[in-house]
Each structure stands twice: as C-alpha cells, then as structure tokens.
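The lines below spell out each chain.
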Amino acid sequence: MKKVVEVLANREQLIDRSLEIVLSKISEAIAERGLCTIAAAGGSTPEPLYRALCAQDLPWDKIHVFWGDERYVPPEHPDSNQRMARLAWLDRVNIPASNIHPMPTGAGDPAADAAAHQTELQQFFKVSDGEFPAFDIILLGIGDDAHTASLFPGTAALEVRDALVTVGNKDGQPRITFTVPLINRARCVIFMVAGASKQPALAQIFAPAADEMTYPARLVQPDGELWWLLDAAAGEAVK
C-alpha cells in the first residue's frame, strides 16, 4: 500500500487537489483498462468536487459511477447520497444512464437490497462469490466518530468479510454500505476530510495503536494507494 497524507491550506485547495488526483486516476484507468469505476461518497465535503467534475471534458461513456454507501431512503429524499451526486454532478454531464449504479433502497428490506446490489457488482465486474473486485477510485470521508462509508463504531458491518455489500446501522437506522474487504481491494482510496471537528477522530485513526471497532476508518488499508487529503483545520491532528 502506498499511503500519502497531504494537508492543504483550506477547503478550496482540498477540492483542487482531490480533482487533480481523481482526473489522473480516471485517465490512468481508461488508458489501462478501457473504463474507470468510481465510488462516490456522501456528505458535504465532496460536493464541490462533484461540481468541479462537471466542467471537465471527460469520456463519460467510459466512466461508471457507484456509491460506497447509501442511507436507506428513496432516491429523491433530501438525505440521499445518490440525489446529492446527481444534482451536483451526474444530471449535468452527458453520462449514459446505464453507467450510473445507485444502491437500491426500494425493497423495504435493507438486507435484500444489499444482496441485490452485491449481485449487480458481481455481474458488472465478472467476479464470483468470495471474490472482491477492484474499484479504480473510492472516495471516502469520515465522521466525527471516525466512521467511514456506513461502517459505524461497534456495529456488525465492521466484521463482515464474506460479502461485498452489507447493511450498516446508525442509531437504529439502516444504511447500505461497501464492506471493509471490498474497500480494501481498491486501486485508489481518497479520504477527503475538512474541519476542526474531525481532529479527535483523526488523532485516533493515525495513532500507532487504537481499537478498529471504535475507530472504523483505521480498517481502510487498501491494496493500492491510500490518500488522506485534509484541510488545515483537520490537519492539525496529524502534525
């Protein structure tokens, strides 16, 4: 694993640097494999990145967009990660509808929807049960509690090692989330973290030793590259 930690002066520079890396990885993936697979993150931090991507002249027919996690709400719900990415990005570029792969949330059964999305991933990447595909780019953030995707402290989802997708849980509310082993197969994972409120979590994530069940982002150790991009406020924790 190649790990890079960069502290940028402010959120604008954080977005600029994120865009630079994402564009590089998109180009690299298409040159090497003919397409690029990217898993989007929710939250407010990556939204400006998505808006910036709209201004890029990219071969959208060769880019496939997934999500690392999703709240168990309808796609038109204000809390939907899919909705945010569509409004900021995907509805504003000429990407084929078939290249957008949202997590389903309509079955009324989170486990059934998680299983359905796992099947979609297996078919898309042409992998069998027990195999984990390698995304080209997975974008992640962290919460103040050091969760990432919908892998929350002390929850059963953290321990799932035999599935690509599982049900996460936040205060009794179900989520659908990539599992730790799926995230860790990625060619490139990019954490985008902003704000002083993230300093306590980052201090534990970067500590020589800490409990992974309490600080789940510690579990992210991908086969490929791991980028931590922090604004100055968040970056105080890793000086």
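Up top you'll find the structure we're talking about.
Note that the structure is a prediction, hence the values are computed from the model and not measured.

1. Brief notes about the overall build of the protein chain
When helices and strands are counted, the protein chain shows seven helices and nine strands. The C-alpha extent of the protein chain, read off along each of the three principal axes, is 45 × 40 × 35 Å. Looking at the 239 residues of the protein chain, the share that counts as buried comes to 54%. In the form shown here, the protein chain has an accessible surface area of approximately 10,100 Å², with 48% of it arising from carbon and sulfur atoms. Between the mean site of the 21 positive side-chain charges and the mean site of the 31 negative ones, the protein chain shows a separation of 4 Å.

2. Description of the nonpolar core
Membership of the largest hydrophobic core comes to 40 residues, with the highest contact counts inside it found for V22, L49, Y50, L53, W89, L139 and I190. Looking at this core, the element that brings in the most residues is helix α1 (residues 11-33), giving eight residues. Ranked by size, the runner-up nonpolar core spans 39 residues in total, among them A39, I138, F178 and L219.

3. Description of the side chain of E70
Tracing the chain through its elements places E70 in strand β4 (residues 69-71). Nearest to the buried, unbridged E70 among oppositely charged side chains is R71, at 5.4 Å. Within the local environment of E70, its side chain forms a polar contact with the backbone nitrogen of Q82, the two atoms lying 2.8 Å apart. Among residues more than four places away in sequence, those in contact with E70 are D79, S80, N81, Q82, M103, T105, R175 and I176.

4. So, the packing of aromatic side chains
Tallied over the full model, the rule gives ten aromatic pairs. An angle of 80 degrees between the planes, with centres 5.0 Å apart, marks the rings of F124 and F125 as edge-to-face. You can call F124 partly exposed: its relative accessible area is 23%. One aromatic cluster is present, formed by F66, F124, F125, F135 and F178 through successive ring pairs.

5. Overview of the side chain of N184
Structurally, N184 can be placed in the loop between α5 (180-183) and β8 (188-193). For N184, the contacting residues outside a window of four places in its chain are L219, V220, Q221, P222 and D223.

6. What about helix α4 (residues 110-125)?
The terminal C-alpha atoms of α4 lie 22 Å apart, and with 16 residues this matches the ideal 22 Å at 1.5 Å per residue to within 8%. Burial in α4 covers these residues: P110, D113, A114, H117, Q118, L121, Q122 and F125. For α4, the elements touching its buried residues are β2 (36-40), β3 (63-67), β6 (165-170), β7 (173-178) and α5. Looking at where α4 begins, the residue whose side-chain oxygen comes 3.1 Å from the main-chain nitrogen of A111 is D109. K126 lies just past α4 and shows a positive phi near 60 degrees.

7. Let's talk about the pairing of β2
Taking burial as the measure, the five residues of β2 include five buried ones, the bulk of the element. Every second residue of β2 is oriented toward a common face, with C36, I38 and A40 on one face and T37 and A39 on the other, all of them buried. Relative to β3, β2 runs parallel, the two sharing five bridges. Residue pairing in the sheet places A40 in a bridge with W67 of β3. Remark: the β2/helix α2 (residues 47-54)/β3 crossover connection has right-handed handedness. When β2 meets strand β5 (residues 137-140), the two strands line up parallel, connected through two bridges. Considered in β5, the bridge of A39 is made with I138.

8. Considering the sheet that holds β5
Across a sheet, strands are paired by hydrogen bonds formed along the backbone, either parallel or antiparallel in direction. Taken in spatial order, the six strands of this open sheet run β1-β9-β8-β5-β2-β3, and their pairing is parallel. Single-partner strands in this sheet number two, and they are β1 (2-8) and β3. Each strand of the sheet is rotated relative to its neighbour by a mean of 15 degrees, with strand direction disregarded. Here three bridges tie β5 to β8, and the two strands are oriented parallel to one another. Bridge assignment links L139 to a residue of β8, and that residue is I190. The sheet strands contacting α1 are β1, β2, β3, β5, β8 and β9 (225-231), and the helix crosses β9 at an angle near 160 degrees.

9. Points about the sheet that holds β7
Spatially, β4-β7-β6 is the arrangement adopted by the three strands of the open sheet, whose pairing is antiparallel. In this open sheet, the two strands that pair with only one neighbour each are β4 and β6. Across this sheet, the average inter-strand angle for adjacent strands is 30 degrees, counted without regard to direction. Bridge analysis of β4 against β7 gives three bridges, and the strand direction is antiparallel. Residue R71 lies in a different strand from β7, and its bridge partner there is R175.

Rules of the game
- Residue positions are given per chain, counted from 1 along the sequence in the order it is written.
- This being a predicted model, a pLDDT of at least 70 is required before a residue's local features are given, and a value of 80 or more before pairs of side-chain atoms are given or counted; all residues contribute to the totals for chains, interfaces and linings.
- For side-chain calculations, the full set of non-hydrogen atoms in the structure is used, while hydrogens and water are omitted.
- Helical segments are the DSSP runs of H or I of at least four residues, strand segments are the runs of E of at least two, and each set is numbered from the N terminus.
- For the exposure calls, accessible area comes from a 1.4 Å probe over protein chains only, and a residue counts as buried if that area is under 20% of its type's maximum, exposed if over 50%, partly exposed in between.
- Accessible areas in this description were obtained via Shrake-Rupley with a 1.4 Å probe; residue shielding takes into account the shown protein chains only.
- Neither His nor the chain ends contribute to the count of charged residues, in which Lys and Arg are positive and Asp and Glu negative.
- A charged residue contributes its charge at one atom only: NZ of Lys, CZ of Arg, CG of Asp or CD of Glu.
- Take the buried residues of types Ala, Val, Leu, Ile, Met, Phe, Trp, Tyr and Cys, join any two whose side-chain atoms come within 4.5 Å, and each joined set is a nonpolar core.
- Salt bridge criterion: a side-chain nitrogen from Lys or Arg within 4 Å of a carboxyl oxygen from Asp or Glu.
- Polar contact is the term for a pair of N or O atoms within 3.5 Å; when the atoms are in protein, one must be able to donate a hydrogen and the other to accept it, and sequence-neighboring residues count only if both atoms are side-chain atoms.
- Whether two residues touch is decided by their heavy atoms; if any such pair falls within 4.5 Å, the residues are in contact.
- Here is the rule: rings of Phe, Tyr and Trp (six-membered ring for Trp) pair when centre to centre is within 6.5 Å. Planes less than 30 degrees apart are stacked, more than 60 are edge-to-face, and the remainder are tilted.
- Expected span of a helix, by definition, is 1.5 Å for each gap between consecutive residues, and there is one gap fewer than residues.
- Criterion used throughout: strands pair if DSSP finds at least two bridges between them.
- The definition of a right-handed crossover adopted here requires that, viewed with the strands pointing away, the path from the first strand over the helix to the second runs clockwise.
- All axes are obtained by fitting lines to C-alpha atoms, using only the stretch in contact for helices, and the reported angles, taken between N-to-C directions, cover 0 to 180 degrees.

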